[in-house]
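# Summary of structural features
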Amino acid sequence: MEYMDFSPLPAPEKSWALVTGAATGLGMKLARASARAGYGLILTDQAASLPRLESDLEDLKIPSSRVLKMPMNLADPSEGVALLHSQIREEDLDVCILMVCSDQYSYTGNFLDQRVDNLDKMLALNVGATTVLCRLFGEDMQRAGRGRILLIGAPPGASLGVAGACAFAGSMAFIRTLSNGLRKEFADTGVGISCMETSTLGRDGSLTQALESTCVGFLVKEGLRDEAVVRLSERSIISHIPHPTNLSSFVCSFLLQDIDQSWNEEYLRLAQEENFTPLPFAAEIDRFQHAPLSEATSALLVGFALLIYVFARSPGVSEGTSRVLDACTSAINAIFTLDYLGRWWCRGLRFSYLFNPIMIADLLSILPFLLRPWVPAVGELELTFLKLIRVQRIYRFFRPKAFKSFLRILLGPEEAQKYESGVREVRPYQLQVLRTFGVVFTLLFITAALFYEAEQEENAQFGDIFSSFYFSTIALSTVGFGDIAPLTPQGRTVPWQQESQMEIPRSCRIGV
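Among the UniProt annotations of the protein chain, the heading Subcellular location (unreviewed entry) holds the following wording: "Membrane".

Written out as structure tokens, the structure reads:
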């Protein structure tokens with residue numbers, strides 16, 4: 001979704017979320033997410049489907065005054081939607097969130113065999129009702145200067161045509177186009193509009209991953225935060241606090257890293273797919289290691305290790321300084337070793353996982369540290385720089401939407417607001433340039449360090465790390481002055497290894 005500013009919504013206890021198709025599985029999940037965030041619910045669906053909603057929402061203990069069920073046939077846009085809109089205005093309800101399950105009527109089969117009345121019903125519901133809902137409630141939101149509209153689409157809408165589902169795929173393509181067009185028209189009104197496809201749901205159908213990149217992503221975060229507070233209260237961790245909801249958002253967000261239920265469900269699904277047995281606290285460790293803040297911290301630690309590596313191999317470093325730098329490197333390697341073991345633990349100590357390419361690179365980076373006490377021949381060999389391969393994961397945050405979210409996680413929402421005006425000035429191609437530069441730097445640094453480790457004892461031309469950087473630059477740029485060259489067999493294999501193993505990811509190429 002493109003980066004844009006949305007006006008803040010009023011307090012949830014004074015606002016309402018309208019969910020159409022609420023009796024469907026996805027519609028109910030959207031309703032529950034809204035309820036957990038504190039919003040009142042206006043639920044619409046076929047009259048026969050609404051009675052079971054009470055049992056679906058019973059565990060949330062929502063006051064009856066905050067749940068309105070309006071049995072209405074939305075397949076008639078001119079009457080059903082207009083009547084729904086007028087009833088809500090008569091009740092003077094502030095609907096600041098509209099979520100439309102536009103994919104709830106799927107009619108498929110050979111096109112010429114499909115009944116005309118069923119086709120008309122599907123198009124009226126998926127296309128007509130969605131359009132009129134956006135028209136009427138969008139006008140109210142624009143007048144108020146804030147609001148959120150979420151349209152639910154289906155994967156066929158992204159295709160150029162699906163045999164056996166021609167009309168349905170066309171209706172879903174309309175939803176995508178409508179969402180994109182409305183987002184542009186409402187760009188400067190403070191109203192956010194997104195389209196979420198069902199294909200983005202988690203492996204277990206959870207909303208966490210699918211909603212977080214939409215204009216209503218805050219529903220997942222706020223709902224999970226409230227659930228976390230409740231669970232912590234039940235465990236008596238914060239039972240001495242009379243009102244758990246007064247906990248700061250920062251503390252709740254930190255605690256969520258350990259107890260996010262949706263992540264646990266995703267992890268258990270992964271364990272089933274990859275056929276390994278989850279070990280104690282494995283899901284929590286996996287969540288912690290994959291958190292954006294943890295990845296940023298790991299990247300900074302790798303950067304610090306690289307600075308130490310370069311400084312320790314520069315001319316004129318005293319013996320005392322060298323010992324201090326070696327101690328710092330050992331401490332960093334110990335942390336990397338714990339991280340390596342933690343990731344193996346999260347995969348059930350499965351032996352085959354050790355042959356994952358990233359795990360092999362990580363093992364090589366800490367291998368000299370592990371062998372040095374027992375294998376004197378290792379000497380001063382250091383391969384910590386291979387951690388740069390894993391740091392490439394951080395480049396995925398170098399995209400407009402992800403970059404904004406990353407700043408909020410790193411600095412906090414209030415502090416990040418000071419820099420949002422500057423973030424708006426950053427163009428996607430500029431972030432692409434940074435990603436490409438990062439990959440090229442990774443390739444250059446690893447090549448230079450491998451040359452140095454292979455040649456330093458045998459070749460006086462590689463007496464310091466800067467000579468290796470010089471040779472790596474002219475070798476990879478194919479300039480080839482010929483004034484410096486590797487002599488050892490190990491050094492001569494480095495260029496081939498780098499060209500065959502290090503490839504710039506497609507997502508980091510300019511113009512892709």
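Once you've had a look at it, read on.
So, about the packing of aromatic side chains. Following the criterion strictly, the structure yields nine aromatic pairs and no others. Ring geometry for phenylalanine 445 against phenylalanine 469: centres 5.2 Å apart, planes inclined by 65 degrees, an arrangement best described as edge-to-face. Residue phenylalanine 445 is found in helix 18 (residues 428–455), and its partner phenylalanine 469 is found in helix 19 (residues 465–476); the two are separated by 24 residues along the sequence. No difference in accessibility class separates phenylalanine 445 from phenylalanine 469, as the two residues are buried. Members of the aromatic cluster, connected to one another through ring pairs, are Tyr309, Phe385, Phe441, Phe445 and Phe469.

Time to look at the nonpolar core. Counting 33 residues, the largest nonpolar core has Leu18, Ile42, Ile88 and Leu98 as its most contacted members. Elements represented by at least two residues in this core include exactly strand 1 (16–20), helix 3 (77–90), strand 4 (95–100), helix 4 (116–144), strand 5 (147–153), helix 5 (166–185) and strand 6 (191–197). Looking at this core, the element that brings in the most residues is helix 4, giving nine residues. The contact partners of leucine 98, leaving out residues within four places of it in the chain, are Leu18, Leu133, Cys134, Phe137, Met141, Arg148, Ile149 and Leu150. Counting 32 residues, the second-largest nonpolar core is a separate cluster that includes Leu9, Ala17, Ile97 and Met99.

This part is about unusual backbone geometry. For phenylalanine 281, which is not a glycine, the phi torsion comes out positive at approximately 65 degrees. Within the fold, phenylalanine 281 resides in the loop between helix 9 (261–274) and helix 10 (282–290). Of note, the phi angle at leucine 349 is positive, near 55 degrees, even though the residue is not glycine. Here leucine 349 lies in the loop between helix 12 (319–346) and helix 13 (357–371). Owing to a relative accessible area of 39%, leucine 349 belongs among the partly exposed residues under this scheme.

Another aspect to go through is the pattern of salt bridges. Note on pairing: side chains with opposite charge can pair once their charged atoms come close. Within the structure shown, the criterion is met by 13 salt bridges. When the shortest N-O distance is used, the salt bridge between glutamate 319 and arginine 323 registers 3.3 Å. Linking glutamate 319 with arginine 323, this pair stays in helix 12, spanning four residues, or about one helical turn. Note on accessibility: glutamate 319 and arginine 323 belong to one class, exposed. A salt bridge links arginine 343 to aspartate 339, with the shortest nitrogen-to-oxygen separation between them at 3.1 Å.

Another aspect to go through is the UniProt feature "transmembrane region" (unreviewed entry) in the protein chain. As annotated in UniProt, the feature "transmembrane region" (unreviewed entry) corresponds to residues 158–175, 353–371 and 433–452 in the numbering used here. The span residues 158–175 is 56% helix and 0% strand, and its two end C-alpha atoms sit 10 Å from each other. For residues 353–371, the end-to-end C-alpha separation is 21 Å, with 79% helix and 0% strand making up the annotated structure.

The next subject is helix 12. Relative to the 40 Å expected for 28 residues at 1.5 Å per residue, helix 12 spans 41 Å between its end C-alpha atoms, a close match to the ideal helical length. For helix 12, the set of buried residues is Leu325, Thr329, Ile332, Asn333, Phe336, Thr337, Tyr340, Gly342, Arg343 and Cys346. Count one or two residues on from helix 12 and you reach glycine 348, which has phi positive near 65 degrees.

With respect to the secondary-structure elements, serine 171 resides in helix 5. Judged by relative accessible area, which is 1%, serine 171 ranks as buried. In this structure the side chain of serine 171 is engaged in a polar contact, spanning 2.6 Å, whose partner is the backbone oxygen of phenylalanine 168. Ignoring anything within four residues of it in the chain, the contact list for serine 171 reads Leu123, Asn126 and Val127.

Of all seven residues that make up strand 6, six are buried, and the element is covered over most of its length. As paired strands, strand 5 and strand 6 are joined by seven bridges and run parallel to one another. Bridge pairing in strand 6 links arginine 148 to glycine 192.

Moving on, we get to the packing of helix 11 (residues 292–312) against helix 18. In the contact formed by helix 11 and helix 18, the axes pass within 13 Å of each other and the chain directions differ by 40 degrees. By the angle between their directions, the pair helix 11 and helix 18 is classed as oblique. As for how helix 11 packs across helix 18, the hand of that crossing is left-handed. Contacts between helix 11 and helix 18 pair Leu306, Tyr309 and Val310 from the former with Phe445, Ala449, Tyr452 and Glu453 from the latter. Residues that form the contact of helix 11 with helix 18 fall into these classes: six nonpolar, no polar and one charged.

All right, on to the environment of leucine 207 then. Relative to the elements of secondary structure, leucine 207 occurs in the loop between strand 6 and helix 6 (208–211). Separated by 177 residues in sequence, leucine 207 and leucine 30 place their C-alpha atoms 8.0 Å apart.

With that out of the way, let us pick up the sheet that holds strand 5. Ordered in space as 3-2-1-4-5-6, the six strands form an open sheet in which the pairing is parallel. Edge positions in the sheet fall to strand 3 (67–71) and strand 6, since each of these pairs with one other strand and no more. Direction aside, neighbouring strands of the sheet carry axes that sit 15 degrees apart on average. Where strand 1 lies against strand 4, five bridges are found, and the strand directions are parallel. Bridge pairing in strand 4 places tryptophan 16 opposite valine 95. Packing of helix 5 onto the sheet brings it into contact with strand 5 and strand 6, and relative to strand 6 it is tilted by some 155 degrees.

Definitions and cut-offs
- Residues numbered from 1 in each chain as written.
- Predicted model: local features only at pLDDT ≥ 70, side-chain atom pairs only at ≥ 80, totals over all residues.
- Heavy atoms only, no water.
- UniProt positions renumbered as here; feature names shortened; annotations may be inferred.
- Phe/Tyr/Trp six-rings, centres within 6.5 Å; stacked < 30°, edge-to-face > 60°.
- Helix = DSSP H or I, 4+ residues; strand = E, 2+ residues; numbered from the N terminus.
- Buried < 20%, exposed > 50% of the residue type's maximum accessible area, 1.4 Å probe, protein only.
- Core = buried A, V, L, I, M, F, W, Y, C linked by side-chain atoms within 4.5 Å.
- Contact = heavy atoms within 4.5 Å.
- Salt bridge = Lys/Arg side-chain N within 4 Å of Asp/Glu carboxyl O.
- Expected span 1.5 Å × (residues − 1).
- Polar contact = N/O pair within 3.5 Å; in protein donor to acceptor, adjacent residues only side chain to side chain.
- Pairing = 2+ DSSP bridges.
- Axes fitted to C-alpha atoms, helices over the stretch in contact; angles between N-to-C directions.
- Parallel < 35°, antiparallel > 145°, perpendicular 65-115°, else oblique.
- Left-handed = near helix turned anticlockwise from the far one by under 90°.
- Nonpolar A, V, L, I, M, F, W, Y, C, P; charged D, E, K, R; others polar.

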